[in-house]
Amino acid sequence: MINTEKKKLKLDIVKYRYVWLGFSALLLIPCIIAVIFLTVTQPNHAPLKLGIDFTAGTILQYSIDKKLSTDDIATMRNDLGKIGIKNPVIQATTQMSGDNTEAKNLVSIRTTFLGDKKGQETVDRATSLLTSNFKGAQLVQVNSVGPTLGSELLKNTMIALLLAFVAMVVYISFRFHTEYGWIALLALIHDALIVVGVFAIKGIFFDTTIDSLFITAILTVIGYSINDTIVVFDRIRENMRFLAKKKSSNEIINISINQTLARSVNTSATTLFTLFALYFFGGSTIKDFVLAIIIGVAIGTYSSIFVAGTTLVIVKECMNKKQNA
């Protein structure tokens, strides 16, 4: 029986547990440094550069005579960047007239708050740019979103994330043992922190900002990661029942991880294929959203196998030492 199980064992994950945890530390250190740097240096002390969903912003809406293509939007985004409008969110829509006889092409440009005198000059430059590049372009309306709405949205977002973490820890602690719940929380923080850290680094070097879609991506990553972790923990719990008399806890955890390894990798691979297709062909407006999920899925798969499982081994070893002391 022992020889058969050894033959089936693909990776001795438990043996190299400190290697996997060391690799995680190497990923986490630059992420933590970037988050701390932004928190200290930014006026609002946010760990990421916030987009207009969380800060004051302005929406410029123009009517034009032609329907914008993807290339037109990409060119417009580059041109707007040259005149000082950074990270604009551009959306092209078609609006029918009241009698449905005529269609009007509209383009909305979302950018940072342009309410002061300097902002009005930026609006004038943007209007001049569109009227010169697109026939019949006219400024239809200018709407501003104040910082009060942004701060309220940010507060609700943080509450949503906190509740999601707490609910997952309570569920896992109830379904398994308490230590499983805390280890799952540790793995979730590990995954979320790496995604946040990557975007903090992008914010420092590429001036990348986040919006409400980023929070959606984080919540998606958390759900995906916890699902993978539960699968591994469930197999460990099941094997603990039947192999406890024959194997040590380290051997059982190692066997359990290997039994779920193929399932985790295959599921993540098929998900990543779709995400990469969206990233390269889905348009620039969702690139950061998709990138966040790609990083989260990849690191979530890694953490459920190499972080959650190996941390459980270390916790079990510490508990056994206390019992034997």
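You'll find the structure just up there.
In short, a report on the structure. (Residues numbered from 1 in each chain as written. Predicted model: local features only at pLDDT ≥ 70, side-chain atom pairs only at ≥ 80, totals over all residues. Heavy atoms only, no water.)

Our focus in this paragraph is the overall build of the chain. In terms of regular secondary structure, the chain is built from nine helices and four strands. The order of α-helices and β-strands along the chain, N terminus first, is α-α-β-α-β-β-α-β-α-α-α-α-α. Against the compact-globule benchmark of 20 Å for 325 residues, the chain has a radius of gyration of 25 Å, which places it well outside the compact range. C-alpha extents for the chain along the principal axes are approximately 80 × 40 × 35 Å. Across the chain, contacts joining residues at least 24 apart in sequence account for 76% of those joining residues at least 6 apart. Taken together, the 32 basic and 23 acidic charged side chains of the chain have centroids lying 11 Å from each other. (Helix = DSSP H or I, 4+ residues; strand = E, 2+ residues; numbered from the N terminus. Rg over C-alpha atoms; globule rule 2.2 N^0.38 Å. Contact = heavy atoms within 4.5 Å. Lys, Arg positive; Asp, Glu negative; His and termini not counted. Charge placed at Lys NZ, Arg CZ, Asp CG, Glu CD.)

The next subject is the side chain of S24. Relative to the helices and strands, S24 is located in helix α2 (residues 17-41). Setting aside anything within four residues of it in sequence, one finds S24 in contact with H190, Y302 and V307.

Right, let's get into the pattern of salt bridges. Inspection of every chain in the model, using the stated rule, returns seven salt bridges. A salt bridge links D207 to K49; its shortest N-O distance comes to 3.0 Å. Remark: K49 occurs in the loop between α2 and β1 (57-64) and D207 occurs in the loop between α6 (178-206) and α7 (212-243); sequence separation between them is 158 residues. Taking relative accessible area as the criterion, D207 reaches 25% and is therefore assigned partly exposed. Of the charged contacts, one joins K202 and D288 as a salt bridge, the two residues approaching to 2.9 Å between their closest N and O atoms. Placement of the pair is K202 in helix α6 and D288 in helix α9 (residues 287-324), with a sequence separation of 86 residues. The exposure class of D288 is partly exposed, given its relative accessible area of 29%. (Salt bridge = Lys/Arg side-chain N within 4 Å of Asp/Glu carboxyl O. Buried < 20%, exposed > 50% of the residue type's maximum accessible area, 1.4 Å probe, protein only.)

Ranked by internal contacts, the top residues of the largest apolar core, which has 63 residues, are I172, F199, F214, F233, I236 and I253. Taken together, the elements giving at least two residues each to this core come down to α2, α5 (147-175), α6, α7, α8 (249-281) and α9. For this core, the element with the highest residue contribution is α9, accounting for 15 residues. Not counting the four nearest positions on each side in its chain, F214 is found in contact with L48, V195, V196, F199 and A292. Among the nonpolar cores identified, the runner-up in size contains 18 residues, and Y62, I109, L114 and F134 belong to it. (Core = buried A, V, L, I, M, F, W, Y, C linked by side-chain atoms within 4.5 Å.)

Before going further, it helps to spend a moment on a nonpolar patch on the surface. On the surface, F37, I204, F205 and F206 cluster together to form a nonpolar patch covering roughly 460 Å² of accessible area. With three residues, α6 is the single largest residue contributor to the nonpolar patch. By the element assignment, F205 lies in helix α6. The class of F205 is exposed, set by a relative accessible area of 63%. (Patch = residues over 30% accessible without salt bridge, like charges linked within 9 Å, V, L, I, M, F, W, Y side chains within 5 Å. Areas by Shrake-Rupley, 256 points an atom, 1.4 Å probe, with all protein chains shown as cover.)

Turning our attention to helix α3 (residues 70-82). Over its 13 residues, α3 runs 19 Å from end to end, which matches the ideal 18 Å to within 8%, given 1.5 Å per residue. Of all the residues in α3, the buried ones are D72, I73, M76, R77, D79 and L80. Looking one or two residues past α3, G84 carries a phi angle of roughly 100 degrees, positive in sign. (Expected span 1.5 Å × (residues − 1).)

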